[in-house]
Amino acid sequence: MVICDGLGDRPSIKNGNRTPLEAASAKTLSSLAREGSVGLLDPVAPGIRPGSDVSTMSLLGYDPYESYQGRGSLEALGSGLSLKTGDVAFRCNFSTADEKLKIVDRRAGRNDYRVKELAASVSKIRLPGIKIEFKATVSHRAVLILRGRKLSRKVSDVDPHEAGKPIPACNALEDSAPAKRTASLVNKFVRESYRVLKTHPSNLDRVKKGIPAANIVVPRGAGTLPKVETLNQTYGIRTACVGAVPLVRGVCRLAGMQLIDVPSATGGPDTDYLGKARAAVNALKQNDIVVLHYKAPDVLGHDGDFEGKRRAIERIDSAIGSAVDEIKRTELDCVIAVTGDHSTPVDVREHTADPVPLLIHGTGIPSSEVQRFDERNAARGNIGRIRGIYLTPMLMDLIGFSKQFGS
Ligand code: ZN
Ligand code: ZN
């Protein structure tokens, strides 16, 4: 299952009324689409503009309306931390604040110089009655876990959204003692982080080098561990994921997947497209489902970069081309599905509710006979239009792992 993050697009007026996928020379994807089946997929449901957290859950067969418990817990899982029932996890930014706790730079220059040392000091912060775990992840990002009794994820984000604004307080989002207690603990944590970090030697060194001080930690996206079965428990299969983005790794870990590291993968447009595809094919030898995730189309969609998104799709296409050759060479019998987790149109620069193209290729799968893999051809495809949550059950049926309903 190849997930191209933010793959879908709208015809771009400035670019000849085409989408980046229509403009791309995507030989492999088009030949898989022609030989296999194609259709449109609504990641969550028609008209729903999804975040990558709920849409990736949906593609793996989890109904986000039932199982989604906030983003922080998925980020924590994807960063290698373990979560217990009752823990509340947040994703955090190291930011730059002034003396009055107004934000100067939300992302502390997007610079991780000596951030590991800063994180080590933050992780020693003590809060009354609970334990904390804190880990720096990539760039200016980090994860915070609050562990203890009577905590709640129903608290607001500590996110000033733009520079020049004061850091807002964390507030309870429901009238309950756990939510109020959690909000007050988060506020203490934010104040303590500033106290610990403002005169930290690593920060003084950053400032000396002209890098913004990473002098405060702002948590958002409170989440708890979703109660779900792994794909292994549901279907009795072995699964793995090749992806570098912590959020996606977190969803895959929740599904019970083995996380495969490709050191040259970056989680961005400069990633090692081919290295990831090779790792995925390799993982197919020991697994029944392998998820291969590419973040680049989403990043470039948010940047409004039509040419960049087109080029990223071409690089994914050629990496999948090598994977297909290797699959043929080693005579692996496999079904290949390619889709997106949502649309990130370059003219909108945000996720939209547009459906994404889907192709499914393999033995016994009827041919769509479309000429290309793109939004317009997918709309005329033989799969029709399905919801994301049906994809994994459909693939399970095609590879012989679904259970019969009824007798
Ligand atoms: Zn996404
Ligand atoms: Zn996005």
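Below is a summary of the structure that appears in this document.

### Topic: the environment of Leu-259
Along the polypeptide, Leu-259 turns up in strand β9 (residues 258–260). Each C-alpha atom, one on Leu-259 and one on Lys-124, is 29 Å from the other, the two residues being 135 residues apart in sequence. If sequence neighbours within four positions are ignored, Leu-259 has contacts with Cys-241, Arg-249, Cys-252 and Arg-253.

### Brief notes about the sheet that holds strand β1 (residues 2–4)
With respect to topology, eight strands assemble into an open sheet ordered β9-β8-β10-β1-β11-β12-β2-β13, the strand pairing being mixed. Edge positions in the open sheet fall to β9 and β13 (384–387), since each of these has one partner strand only. Across the sheet, the mean angle separating the axes of adjacent strands is 25 degrees when strand polarity is ignored. In this sheet, strand β10 (residues 289–294) lies alongside strand β8 (residues 239–242) in parallel orientation, the contact comprising four bridges.

### Details of the pairing of strand β12 (residues 356–361)
Of all six residues in β12, six are buried; the element is thus mostly enclosed. Both faces of β12 are covered, namely the face carrying Val-356, Leu-358 and Ile-360 and the face carrying Pro-357, Leu-359 and His-361. With five bridges joining them, strand β2 (residues 37–42) and β12 adopt antiparallel strand pairing. Within β12, the position partnered with Ser-37 by the bridge is Ile-360. Of the pairings in the sheet, the one linking strand β11 (residues 336–340) to β12 comprises three bridges and is antiparallel in character. By the bridge assignment for β12, Ile-336 is matched with His-361.

### Section: the nonpolar core
Formed by 40 residues in total, the largest nonpolar core has its most connected members in Val-242, Tyr-294, Ile-320, Val-338, Leu-359 and Phe-373. The set of elements that each furnish at least two residues to this core consists of β1, α2 (27–35), β8, α11 (273–284), β10, α12 (296–302), α13 (306–329) and β11. Broken down by element, this core gets its largest block of residues, eight residues, from α13. If near-sequence neighbours (up to four positions away) are discounted, Tyr-294 is found in contact with Val-2, Ile-3, Cys-4, Asp-5, Thr-271, Tyr-273, Lys-276, Ala-277, Ile-316 and Ala-319.

### Looking at the packing of helix α6 (residues 115–122) against helix α7 (residues 177–197)
In the contact formed by α6 and α7, the axes pass within 10 Å of each other and the chain directions differ by 125 degrees. If you check the angle between α6 and α7, you find them oblique. Considering the relative orientation of α6 and α7, their crossing is right-handed. Only Phe-189, Val-196 and Leu-197 of α7 make contact with α6, whose side of the interface consists of Leu-118, Ser-121 and Val-122. Looking at the contact of α6 with α7 residue by residue, the classes come out as five nonpolar, one polar and no charged.

### Structural notes on the coordination of the zinc ion (ligand 2)
At the metal site, the zinc ion (ligand 2) is ligated by Asp-298 (OD), Asp-298 (OD), His-302 (NE2) and His-351 (NE2), and these contacts range over 2.0 to 2.4 Å. Note that the zinc ion (ligand 2) binds four donor atoms; their angles at the metal cover 56 to 143 degrees, and the shape is irregular. Mapping the donors of the zinc ion (ligand 2) onto the primary sequence gives the spacing D-x3-H-x48-H. In this model, the zinc ion (ligand 2) sits 4.6 Å from the zinc ion (ligand 1). Here the residue His-302 occupies a position in helix α12, and His-351 occupies one in the loop between β11 and β12, the gap between them amounting to 49 residues.

### Brief notes about the coordination of the zinc ion (ligand 1)
Ideal geometry at a metal centre gives angles of 109.5 degrees when four donors are arranged tetrahedrally and 90 or 180 degrees when six donors are arranged octahedrally. The protein atoms that coordinate the zinc ion (ligand 1) are Asp-5 (OD), Ser-52 (OG), Asp-341 (OD) and His-342 (NE2), at distances spanning 1.9 to 2.1 Å. Coordination at the zinc ion (ligand 1) is tetrahedral: its four donor atoms span angles of 99 to 134 degrees at the metal. Given the relative accessible area of 0%, His-342 is considered buried.

Rules behind the numbers
- In this numbering scheme, every chain counts its residues from 1 along its sequence in written order.
- Here chains are named by letter from A upward and ligands by number from 1 upward, in the order in which they appear as written.
- Two thresholds apply to this predicted model, a pLDDT of at least 70 for residue-level local features and 80 or more for giving and counting side-chain atom pairs, whereas whole-chain, interface and lining totals are computed over all residues.
- In computing side-chain values, all of the structure's heavy atoms are included and hydrogens and water are not.
- The secondary structure listing takes helices from DSSP runs of H or I that are at least 4 residues long and strands from runs of E that are at least 2 residues long, numbered from the N terminus.
- For this analysis, residues touch if any pair of their heavy atoms sits within 4.5 Å.
- Whether two strands pair depends on DSSP finding at least two bridges between them.
- Every axis in this analysis is a line fitted to C-alpha atoms, fitted for helices over the stretch in contact. Angles between the N-to-C directions lie between 0 and 180 degrees.
- For each residue, the accessible area found with a 1.4 Å probe, counting protein chains only, is set against the maximum for its type, and the residue is called buried under 20%, exposed over 50%, and partly exposed in between.
- In this text, buried Ala, Val, Leu, Ile, Met, Phe, Trp, Tyr and Cys residues form a nonpolar core when linked through side-chain atoms within 4.5 Å.
- By definition in this entry, angles of less than 35 degrees are roughly parallel, angles greater than 145 are roughly antiparallel, angles of 65 to 115 are roughly perpendicular, and the rest are oblique.
- Each crossing gets its handedness from the near helix: less than a right angle anticlockwise from the far helix is left-handed, clockwise is right-handed.
- Side-chain classes follow a simple rule in which Ala, Val, Leu, Ile, Met, Phe, Trp, Tyr, Cys and Pro form the nonpolar group, Asp, Glu, Lys and Arg form the charged group, and the remainder, Gly included, forms the polar group.
- Note: metal donors comprise N, O and S atoms at 2.8 Å or less from the metal (3.2 Å for Na, K and Ca); water molecules are not included, so apparent gaps in a site are possible.
- In this scheme the shape depends on donor count and angles: four donors with every angle between 85 and 135 degrees give tetrahedral, four or six donors with opposite pairs above 155 degrees and others between 65 and 115 give square planar or octahedral in turn, and any other case is irregular.

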